[in-house]
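Observations on the three-dimensional arrangement
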Amino acid sequence: MEYFVPRLLGEALRCARDEAAGGRRARFVAGGTDLAVQLAEGACAADILVDLSALPELQGIRIDEEGLRIGAAVTIEELAARTDLPACLVEGARAIGSPQIRSLGTIGGNVCNASPCGDTLAPVIVLGGRFGLVSPEGRREVPAEAFFTGPKATVLREGEILSEVLFGAQVNVAVWLECDPRSGAIRSLRAAAGSVAPTPIRLARAEALLLGRVAGEELERAAAEAAAEEIRPISDVRASAGYRRAVTAALLREALAEALAAARPGRS
Ligand SMILES: Cc1cc2nc3c(=O)[nH]c(=O)nc-3n(C[C@H](O)[C@H](O)[C@H](O)COP(=O)(O)OP(=O)(O)OC[C@H]3O[C@@H](n4cnc5c(N)ncnc54)[C@H](O)[C@@H]3O)c2cc1C
């Protein structure tokens, strides 16, 4: 059996397509903790294994105004160590196997293996996750709820790769402001956030920082940090407190940018 380590996602996709066209069976592998067992037991076969674990497009955990993005090659160990991700997902990761399995196994492998007892699957569904799938034909997104079709069966097509797991933001932020038409300074401002405290709240500290000042990169970052500190989010099944803080900061920056663009002199 051959083993191929592509450097880029496109190489992995082309390899699988070309091998299939040549009548050979290529299989993707990430941590190999499921696949190695299946190959050893003869439950599946392959002429070539295509290693996805180092592909840059499948790495990293990012939280921004759109929500949370987890690369498919992120290890279970990395997920389990996070304190700023939805609690049920982290708990699911912590429940998996042993330290050795968690250090090799990936969220993408757990999802694509589609075992009915996969520990990240129920959390991903309950959080309303979506899967980013790529193939030589392009990219599509499938809701986690619609992904699993049976034991070890999914809607993944031949040669298609799961690149990322996506979750929408669990927080909302709104900003209203007026700028001085001459100086551009913020002369009036209200900012509020929901899902970050027992009731929707004004972001008073962030407002105080911004009021009377001309917004810029540094000031907006400081206001976002102040907002993240002043909210009182809880950790629940949908999102951790740390995740809600990070998303609040990102959303405030985005809302500020939009409101400022609309409120530039003459357009309050
Ligand atoms: C001893 C032991 C204990 C375990 N305990 C648990 C447990 O408690 N809970 C649990 O949920 N699991 C458990 N597992 C299963 C396994 O460790 C997890 O499912 C793990 O997350 C799989 O990830 P992986 O990267 O190793 O997958 P791999 O073995 O590399 O791949 C699994 C399948 O997914 C496909 N695949 C992988 N990544 C992609 C991708 N990005 N795109 C398309 N296809 C892909 C592969 O082709 C393969 O079919 C255990 C396994 C072992 C051996």
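To keep things clear, this report deals only with the structure shown in the data block.

Definitions and limits used
Residues numbered from 1 in each chain as written. Predicted model: local features only at pLDDT ≥ 70, side-chain atom pairs only at ≥ 80, totals over all residues. Heavy atoms only, no water. Near = heavy atom within 4 Å. Polar contact = N/O pair within 3.5 Å; in protein donor to acceptor, adjacent residues only side chain to side chain. 1 Å grid on protein atoms, 1.4 Å probe; cavity = no way out; pocket = protein on both sides within 12 Å on 5 of 7 lines; lining within 4 Å. Sits in = over half its atoms within 2 Å of the grid points. Helix = DSSP H or I, 4+ residues; strand = E, 2+ residues; numbered from the N terminus. Expected span 1.5 Å × (residues − 1). Buried < 20%, exposed > 50% of the residue type's maximum accessible area, 1.4 Å probe, protein only. Contact = heavy atoms within 4.5 Å. Pairing = 2+ DSSP bridges. Axes fitted to C-alpha atoms, helices over the stretch in contact; angles between N-to-C directions. Right-handed = clockwise from strand over helix to strand, strands pointing away. Parallel < 35°, antiparallel > 145°, perpendicular 65-115°, else oblique. Left-handed = near helix turned anticlockwise from the far one by under 90°. Salt bridge = Lys/Arg side-chain N within 4 Å of Asp/Glu carboxyl O.

Attention shifts here to the site of the ligand. Around the ligand there are 30 residues in total, and F28, T33, D34, T106 and D119 lie nearest to it. G32 is positioned such that a nitrogen or oxygen atom in its backbone is 2.8 Å from an oxygen atom of the ligand. For the ligand, an oxygen atom lies 2.5 Å from a polar atom in the side chain of D34. Cavity membership is defined here by more than half of the atoms lying within 2 Å of grid points; on that basis the ligand lies in the largest pocket.

The next point concerns helix α1 (residues 9-21). With 13 residues, α1 extends 19 Å from end C-alpha to end C-alpha; this agrees with the ideal 18 Å at 1.5 Å per step. Buried within α1 are the following residues: L9, E11, A12, L13, C15, A16 and E19. Of the surrounding secondary structure, the elements contacted by the buried residues of α1 are β1 (2-4), β2 (26-29), β3 (48-51), β6 (130-135) and β10 (161-168). Trailing α1 by a residue or two, G23 shows a phi angle of about 80°, which is positive.

To continue, consider the sheet that holds strand β13 (residues 201-202). One key point about sheets: their strands pair by backbone hydrogen bonds, in either a parallel or an antiparallel sense. One open sheet accounts for 3 strands, arranged β11-β12-β13; its pairing is antiparallel. Each end of this open sheet is capped by a strand with a single partner; those strands are β11 (172-179) and β13. Strand direction decides the pairing type here: β11 and strand β12 (residues 186-194), joined by 8 bridges, are antiparallel. For L177, the partnering residue across the bridge sits in β12 and is L189. Those strands touched by helix α11 (residues 241-263) are β11 and β12, and its axis lies near 30° from that of β11.

Burial of the side chains of β3 extends over both faces: I48 and V50 are buried on one face and L49 and D51 on the other. When β1 meets β3, the two strands line up parallel, connected through 3 bridges. Paired with F4 across the bridge in β3 is V50. Pairing analysis gives 4 bridges linking β2 to β3, with the strands arranged parallel. Its bridge partner being in β3, A26 is matched across the sheet by I48. In this fold, β2 hands off to helix α2 (residues 35-40), which returns the chain to β3; that crossover is right-handed.

On the secondary structure map, A191 appears in strand β12. Under the relative-accessibility criterion, A191 is labelled buried at 4%. For the pair A191 and S235, spaced 44 residues apart in the sequence, the C-alpha separation amounts to 23 Å. Discounting chain neighbours no more than four positions away, the residues touching A191 are A174, V175, I201, R202, L203, E207 and L252.

This brings us to the packing of helix α10 (residues 217-230) against α11. Interaxial distance between α10 and α11 falls to 8 Å at its minimum, and their mutual angle equals 140°. Taken together, the axis directions place α10 and α11 in an arrangement best described as oblique. Note that α10 runs across α11; the crossing there is right-handed. Mapping the contact onto sequence places E217, E220, R221, A223, A224, A227, A228 and E229 in α10 and R245, T248, A249, L252, R253, L256 and L260 in α11.

Our next topic: the pattern of salt bridges. By the definition in use, this model includes 18 salt bridges. Where R24 meets E2, a salt bridge forms, and the shortest distance between an N and an O atom there is 2.9 Å. Here R24 is found in the loop between α1 and β2, whereas its partner E2 is found in strand β1, with 22 residues between them in sequence. R25 is the partner of E158 in a salt bridge, and the nearest nitrogen-oxygen pair spans 3.7 Å. Here R25 lies in the loop between α1 and β2 and E158 lies in the loop between β9 (153-154) and β10, a separation of 133 residues in the sequence. Via salt bridges that share partners, R69, R130, R139, E141 and E164 belong to a single interconnected network.

Purely spatial values, then, with no claim about function.
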